[in-house]
Amino acid sequence: MKTLKSNRLHIGIFGKTNAGKSSILNRITNQEVSIVSEIAGTTTDVVEKSMELLPIGPVNFLDTAGIDDKTDLSKERIEKTMKIINRCDVAVIVTESENFDDYEKSLAEKFDELSIPYLIVVNKCDDLKDLREDKNILYTSALYDKDLTFRFKKALVKILPDDFVNSPKIAGDLIEPKSTVILVVPIDKEAPKGRIILPQVQTIRDLLDSECLSYVVKETELKDALENLKTPPALVITDSQAFRQVSEIVPENIPLTSFSILFARLKGDLNEFAKGAEQISKLKDGDKVLILESCTHHAIEDDIGRVKIPNLLRKKTGKNLVIENFSGHDFPDISDYKLIIHCGACMTNRREVLSRILLASKKGVAITNYGIAISYCLGILDRAMKIFK
Ligand SMILES: Nc1nc2c(ncn2[C@@H]2O[C@H](COP(=O)(O)OP(=O)(O)OP(=O)(O)O)[C@@H](O)[C@H]2O)c(=O)[nH]1
Ligand code: SF4
Ligand SMILES: [Mg+2]
């Protein structure tokens, strides 16, 4: 699915002329997006760049024209830059010194006033001594800091607005309001007595908020449900366990996905997790797999990380794998692992999962999550992902 520009996270880059705004942008995008030169005032108009910034998702960078306190820059130029502030979800102030003067101070005040989170990038720390991150301040050198992109993303994840990180939509943004959605909820011996599990309840609530028409059935009534509808549903959502059976009943032209895939998107980065799952087929004898759980609380899903997923992995790969478990908020040393499988993160926030995805990608270790790994092992991932493309 193509992301509309308005749905992208807009990141404005501000600061004085020559601070290195365009140089920072070019490093992060790994492209010559903006012209860089020693002449103050090189960027004269806003330069926009849309991209996928892993693991944050689709973003739109806005590189602004620098403001100079020494020369008399045209009023029009200042106005243009200031107007960009209103389009930002997040701002970056690039400066050559941590001691702000009036211009940077006025920017920071403006961001505070508008509740725009901001990151201060102290650039040109060329001696690379003490390249630290201090709350929302990142010390770097656009010319010499080899780790700049990773460090920038890590600092950015920390300040992202909560409503962006914890996107409130589960399925409602995938379909038009007033659409019909069929939810398939198997009531087998694993289903709790007298109630429906939380992710299913949350999905129903999300669809109600999105003005959709939800039709909740067991897999045994699915065929009748489809026949009863005057127009085909816009989406069918099923429990992963019933996916095979459901996919045989639901015609190919009707989008079909699973609750766990919707929650993988809500609690992580779906594309990265799908990419990570492909690593399962590449695993060899003796490879180490880390099952990473965010908490030590297992009341709901007893054995999923210790029995169910290890069994599925061994069955799918036929390999002799070394599968280890780690629980908690810390991040263990991951260098030896070929794959990380993260839990559903129901007790933690997406920000923590995004930071872990970022760390895994820096170390070159594939990462996926429970729902996606299970879907992959069951051979249902491709069809279940179509709705997101
Ligand atoms: N030594 C050093 N020079 C840098 C660094 N980052 C950028 N520069 C240089 O600083 C100059 C200005 O960089 P730009 O990226 O064009 O700065 P800008 O903030 O976009 O400037 P305007 O577009 O004029 O507002 C260029 O000569 C860059 O090569 C750095 O980390 N260290
Ligand atoms: S899925 Fe939820 S309960 Fe299970 S380990 Fe992760 S955060 Fe804890
Ligand atoms: Mg510039």
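Residues numbered from 1 in each chain as written. Chains lettered and ligands numbered in written order. Predicted model: local features only at pLDDT ≥ 70, side-chain atom pairs only at ≥ 80, totals over all residues.

(A) Region of interest: the overall build of the protein chain. Secondary structure summary: the protein chain contains 14 helices and 15 strands in total. Counting the 389 residues in the protein chain, one finds 38% classified as buried. (Helix = DSSP H or I, 4+ residues; strand = E, 2+ residues; numbered from the N terminus. Buried ≥ 20, exposed ≤ 12 C-beta atoms within 10 Å, placed from the backbone.)

(B) Spatial organisation of the site of ligand 1. Inspection of the region around ligand 1 gives 23 residues, with Gly20, Ser22, Ser23, Thr43 and Gly66 positioned closest. Among the elements that make up the shell around ligand 1, the one with the highest residue count is helix 1 (residues 21–29) (3 residues). For the shell around ligand 1, a count of residues per class yields 6 nonpolar, 13 polar and 4 charged. (Near = placed C-beta within 6 Å. Nonpolar A, V, L, I, M, F, W, Y, C, P; charged D, E, K, R; others polar.)

(C) Representation of the domain arrangement of the protein chain. Here the protein chain is described as being made up of domain 1 (5–165), domain 2 (180–262) and domain 3 (267–377). Relative to domain 3, the C-alpha centre of domain 1 lies at a distance of 34 Å. Taken together, the contacts link 10 residues of domain 1 with 11 residues of domain 3. Examining the composition of the side of domain 1 that touches domain 3, we find that 4 residues originate from one element, helix 4 (residues 148–159), more than from any other. Classifying every residue of the side of domain 1 that touches domain 3 by side-chain character gives 7 nonpolar, 1 polar and 2 charged. (Domains from an automatic or database assignment. Contact = placed C-beta atoms within 7 Å.)

(D) The arrangement of the environment of leucine 9 in detail. Checked against the element boundaries, leucine 9 lands in strand 1 (residues 9–15). Each C-alpha atom, one on leucine 9 and one on glutamine 241, is 35 Å from the other, the two residues being 232 residues apart in sequence. Contacts of leucine 9, omitting those with residues within four sequence positions, involve Ile56, Gly57, Val59, Asp89, Val90 and Phe164.

(E) Spotlight on the sheet that holds strand 12 (residues 288–293). In space, the 4 strands of this open sheet follow the order 13-12-14-15, with parallel pairing throughout. The sheet is open, and its two edges are formed by strand 13 (322–327) and strand 15 (366–369), each paired on a single side. Going from strand to strand, the sheet's axes swing by 25 degrees on average, the running direction of each strand aside. Bridge count for strand 12 against strand 14 (residues 339–342) is 4 bridges, and the pairing is parallel. What sits directly across from leucine 292, in strand 14, is histidine 342. Set on the sheet, helix 10 (residues 270–277) makes contact with strand 14 and strand 15; between it and strand 15 the angle comes to about 110 degrees. (Pairing = 2+ DSSP bridges. Axes fitted to C-alpha atoms, helices over the stretch in contact; angles between N-to-C directions.)

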